[in-house]
Every structure is written in C-alpha cells, then in structure tokens.
Amino acid sequence: MNKFLRSVGGVTIASLLALPAGAAEIRVGLITSMTGPGASIGIPYSKGTAAGQVYRDDVNGIKLKVEQLDDTSDPSIGTRDARKLIEQDNVDVLMGAGNTPITLAIVAVSREQKVPLIALVPTGNLPGDSGSWMISIPQPAPLMVAAVVERMKATGAKTVGYIGYNDAWGDLVYDALKKIAEPAGMQIVTNERYARADTSVTAQALRIVAAAPEVVMTGGSGTPGALPFIALTERGYKGQIYGTHALINPDFVRVGGAAVEGVICPTGPVVVASQLPQSNPIRKVALDYEAAYQKANNEPARGAFGPYAFDGWLIMLDAAKRALATGAQPGTPQFREAMRDAIVTTKDL
C-alpha cells in the first residue's frame, strides 16, 4: 500500500492507495562494516554494490531496492542486522558481511529464516542446510594459498612461519597452508594469532623472528592485516612475507607503508583489468565494473573487495530473472526459495 497525503483546511488526510502491479520491488539487504576494524573492507563492499546498482537496478522492469546496515565489525551486531532486514524490511536476499566471523553468524539467521545469503567473504564449505542457503563470492582460501605455496616452493623455501587472525578467517588460511605446504615439503614453524582490533603484534613477531623461518605467510585482511608486516620489519626480519587476496586493498598499502613493499599476494584479474589482453573473458565485464564504480562513487575503482560485491550483484540479477520466471512474487517465501534455488545453480555467468 502507498500513502497519499493531502492537506484540507490545515488537516492532513491520508488515503491508502493500492500499488500498481508493476510497482513491486525486489529487496536486497546489505550488511557490511562501515565502521570498526573491518571498515577498510566493508566500505568497498558498499561502493561495489552501488556500482552494481548503477550497472543495472531492475529485473524485468521490477526495481531492486537496497537496504544497508552497518555491522560495526561485530558478529552480534551483524546477526541483529540480519534479523531486522528479514523481519522488518522483508528483504528477499541478503548480501554481506564485513568479515568471515560475521558472515558465519549471519548464515545461521539466513538458514533459520529461509532467506538466501550471498557471502562477500570466503567462508569455507558449510555442510548441510546452512550451505544450501549461502554461496560465497571470493576465491576459496585453499585455491589462493595453493598459488602462494607454489611461489614459495619455486624459491626453494623449506620453512614457513604463520601469523593470522584468531578467528575463522585465520583458521581457514592456516588450515589451507598446513594441507598444502606440508605435502610440498615445507615445515610450518609458527602458528601465531592476533585479534582484528589489536594494535600491536610485537610478541608474536619476536617469536617468529626467533624461529627464523625462510618465509612468512599471513592470514589477516584489510588494514589490520598490515600489523605483522610492520612488526616483522621493525624486528629486522628479511625473509619474503606473503598474504592472501584479503590484503588487496589501498588502505592496507596506506597503513603498511614501506613495511608492505614487496608483499606477494594472489588476486583476481579484475585488479589489473586494463592490462588484460582483449581476448581475456574477464576484461569486458571488469571494465564495465570500473565504469559503473566511477559513476556511482566519483572515484576510480581500486582493490579487490568492490568487485566481489559487484559479482554478487550480477549473480543476484541473474537469479532474480530465473526466480521471477517461476511465477513467485517478491516479498513472499516462495520467491525467497526460488531465489535460493537460482543462486546456488548459477552457471557460466
């Protein structure tokens, strides 16, 4: 229903008018870290979503409306945001969140309320019904860590130190490193951890330096991911330090400064879109993303996180088209289920 307001003799009269059939909306709930230690990742997710809206904001003439909430880099807030978006704003699909722990908290709400979740961070494989309501956009940790280990092995390194977050993302990277590095003949000599909100990792860096690994692998992300680089450099560590795709971020470079010079990380080809050959299948859509991002945010596209949100938006557009073809209407349980079925069966997009 739509409220029509008019004033008669100083008195406001409200009439309820039925919305025309074409005025239905597909509601998207975006949860991301606009504040807190995860903001350097969460803000690009917001801007990448804005680029998606500029690129295309309707499916078969039905508008997509984004309701965005800040998870403040806190899993409990992210969970509360998810419930509000579903129960009060009646969203048809969730996107987010700012980091892996928050996303894993949100997927429980997604499964319970039967609303599909397009995760913008790596989450690992979730078994059972939880996994059936979520897809994860970024490349999985084992794929990216495998590329790093291959690079380490090519240099002849035999020992590697590890330092990462003391949460699900730190575990995903370490587990991948352990499964890939050890069969490759490399020994992991440290497993140091720190919290995303920590301001120092001096003690961890000292233990790594004492263990004297030939190379170091980090399992951080965004600006807090720079801490190990700074601490190890200050303690005189001279070996190569590696990271993951979670560090491909201008703010990481800004905070890390000279300490992150020479870091080696894997990433997707969109980061170097203009350098790709014309024959590369990623080039056109990557350049389309850059143009949409510039128009939406009045700044050039940089980093890997905005593209993950844009990819999620493209998957959602494709899924919504197929969900609408079932006859289900936005705002209904039937449409949410149709969206879930379409999202998890996306191919060759």
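Scroll up a little and you will see the structure.
Draft legend 1. Main features of the packing of helix α3 (residues 100–113) against helix α6 (residues 168–181). The N-to-C vectors of α3 and α6 enclose an angle of 105°; their axes lie 7 Å apart at closest approach. Taken together, the axis directions place α3 and α6 in an arrangement best described as roughly perpendicular. Two secondary-structure elements touch here, α3 through T100, P101 and L104 and α6 through A168, W169 and L172. In terms of residue class, the contact of α3 with α6 is made up of five nonpolar, one polar and no charged.

Draft legend 2. Geometry of unusual backbone geometry. A cis amide bond links G96 with the next residue in sequence, A97, at an omega value of 5°. Locating A97 in the fold gives a position in the loop between β6 (93–96) and α3. The backbone of A212 sits at a positive phi, close to 55°, despite the residue not being glycine. As for its position among the elements, A212 is in the loop between α7 (202–211) and β11 (215–219).

Draft legend 3. Highlighting helix α2 (residues 75–87). The end-to-end C-alpha separation of α2 is 18 Å, in line with the 18 Å expected for 13 residues at 1.5 Å each. The complete set of buried residues in α2 reads I77, G78, D81, A82, L85 and I86. Take α2 and look down its axis: the buried residues cluster within an arc of 165°, on one side only. Away from its buried face by more than 90 degrees, α2 exposes R80 and E87. Packed against the buried residues of α2 are β3 (25–32), β5 (62–70), β6, α3 and α12 (333–344).

Draft legend 4. Summary view of the environment of P140. Along the chain, the position of P140 falls in the loop between β8 (134–136) and α5 (141–154). With a relative accessible area of 47%, P140 lands in the partly exposed category. It is 21 Å that separates the C-alpha atoms of P140 and I43, two residues lying 97 residues apart in sequence.

Draft legend 5. Just the sheet that holds strand β9 (residues 159–165), in detail. The strand order across the open sheet formed by four strands is β10-β9-β11-β12, and the pairing between neighbours is parallel. What marks the edges here is a single partner per strand, and that holds for β10 (187–194) and β12 (240–242). On average, adjacent strands in this sheet sit at an angle of 20° to one another, irrespective of strand direction. As judged from the three bridges shared by β11 and β12, these two strands associate in the parallel manner. Bridging across to β12, M217 finds its partner in Y242.

Draft legend 6. Representation of the sheet that holds strand β7 (residues 117–119) within the structure. With respect to topology, six strands assemble into an open sheet ordered β4-β5-β3-β6-β7-β8, the strand pairing being mixed. Of all strands in the sheet, those with a lone pairing partner are β4 (58–59) and β8, marking the two edges. The pairing of β4 with β5 spans two bridges and is antiparallel. Pairing of V59 across the sheet is with I62, part of β5.

Draft legend 7. Representation of the nonpolar core within the structure. Membership of the largest hydrophobic core comes to 41 residues, with the highest contact counts inside it found for I118, M316 and M339. Those elements giving two or more residues to this core turn out to be β3, α1 (39–55), β5, β6, α10 (283–297), α11 (305–324) and α12. In terms of residue count, α11 provides more of this core than any other element does, 13 residues in total. Contact partners of I118, with chain neighbours within four places excluded, come to V93, L94, M95, G96, I135, I137, G312, M316 and I343.

Draft legend 8. Inspection of the pairing of β5 at higher detail. Relative to β5, β3 is paired through eight bridges, and the arrangement is parallel. Among the inter-strand pairings, G29 is bridged to a residue of β5, identified as E67. Connecting β4 to the antiparallel partner β5 that follows it, the hairpin turn spans two residues, and N60 within it adopts a positive phi of roughly 55°.

Draft legend 9. Structural view of the side chain of T100. Turning to its location among the elements, T100 is positioned in helix α3. Owing to a relative accessible area of 3%, T100 belongs among the buried residues under this scheme. Here T100 is in contact with V121, P122, T123, A168, W169, L172 and R196, once residues within four sequence places are set aside.

Draft legend 10. Region of interest: the packing of aromatic side chains. Here the structure, examined in full by the defined rule, presents eight aromatic pairs. With 5.3 Å between their ring centres and 75° between their planes, Y55 and F310 make a pair best called edge-to-face. With Y55 in helix α1 and F310 in helix α11, this pair connects stretches of sequence that are 255 residues apart. The interplanar angle of 55° and the centroid separation of 5.3 Å between the aromatic rings of Y162 and Y174 together place this pair among those described as tilted. Highlighted residues: Y162 in strand β9 and Y174 in helix α6, separated in sequence by twelve residues. Judged on exposure class, the residue Y162 and its partner Y174 are both buried. Joined through ring pairs, the aromatic side chains of Y55, Y289, Y293 and F310 make up one cluster.

Draft legend 11. A look at the pattern of salt bridges. Per the stated rule, a full pass over the model turns up 17 salt bridges. Residues E25 and R27 are paired through a salt bridge, measuring 3.4 Å at the closest nitrogen-oxygen approach. Here E25 falls in the partly exposed class, since its relative accessible area comes to 30%. Between E67 and K65 there is a salt bridge; the shortest N-O distance is 3.4 Å. Residue E67 is classed as buried on the basis of its relative accessible area, which comes to 18%. When its relative accessible area of 32% is taken as the criterion, K65 is described as partly exposed. Members of the salt-bridge network, linked through shared partners, are E25, R27, K65 and E67.

Parameters and conventions
- One numbering rule holds for all chains: residues counted from 1, following each sequence as written.
- Thresholds applied to this predicted model are a pLDDT of at least 70 for local features of residues and 80 or more for the giving and counting of side-chain atom pairs; totals over whole chains, interfaces and linings are not thresholded and use all residues.
- Based on all heavy atoms of the structure, the side-chain values leave hydrogens and waters out of the count.
- Throughout, an axis means a line fitted to C-alpha atoms (over the contacting stretch in the case of helices), and angles, computed between N-to-C directions, take values from 0 to 180 degrees.
- In this text, helices come from DSSP runs of H or I with a minimum length of four residues, and strands from runs of E with a minimum of two, each type numbered from the N-terminal end.
- Roughly parallel refers to an angle under 35 degrees, roughly antiparallel to one over 145, roughly perpendicular to one between 65 and 115, and oblique to any angle outside these ranges.
- Contact between two residues is taken to exist if any of their heavy atoms lie within 4.5 Å; hydrogens are not considered.
- Classification convention: Asp, Glu, Lys, Arg as charged; Ala, Val, Leu, Ile, Met, Phe, Trp, Tyr, Cys, Pro as nonpolar; all other residues, Gly among them, as polar.
- In this scheme, a helix's expected span is set at 1.5 Å multiplied by one less than its residue total.
- Relative accessibility under 20% of the residue-type maximum defines a buried residue, over 50% an exposed one, and the middle range a partly exposed one, all with a 1.4 Å probe and only protein chains included.
- In this context, the arc is that of the directions from the helix axis out to the C-beta atoms.
- Strand pairing is assigned whenever DSSP detects at least two bridges linking the two strands.
- The set of buried Ala, Val, Leu, Ile, Met, Phe, Trp, Tyr and Cys residues whose side-chain atoms join them within 4.5 Å is what this entry labels a nonpolar core.
- Centres within 6.5 Å are what make two rings of Phe, Tyr or Trp a pair, Trp counting through its six-membered ring; a difference in plane orientation under 30 degrees is then read as stacked, over 60 as edge-to-face, and the rest as tilted.
- By definition, a salt bridge exists where a carboxyl oxygen of Asp or Glu is found within 4 Å of a side-chain nitrogen of Lys or Arg.

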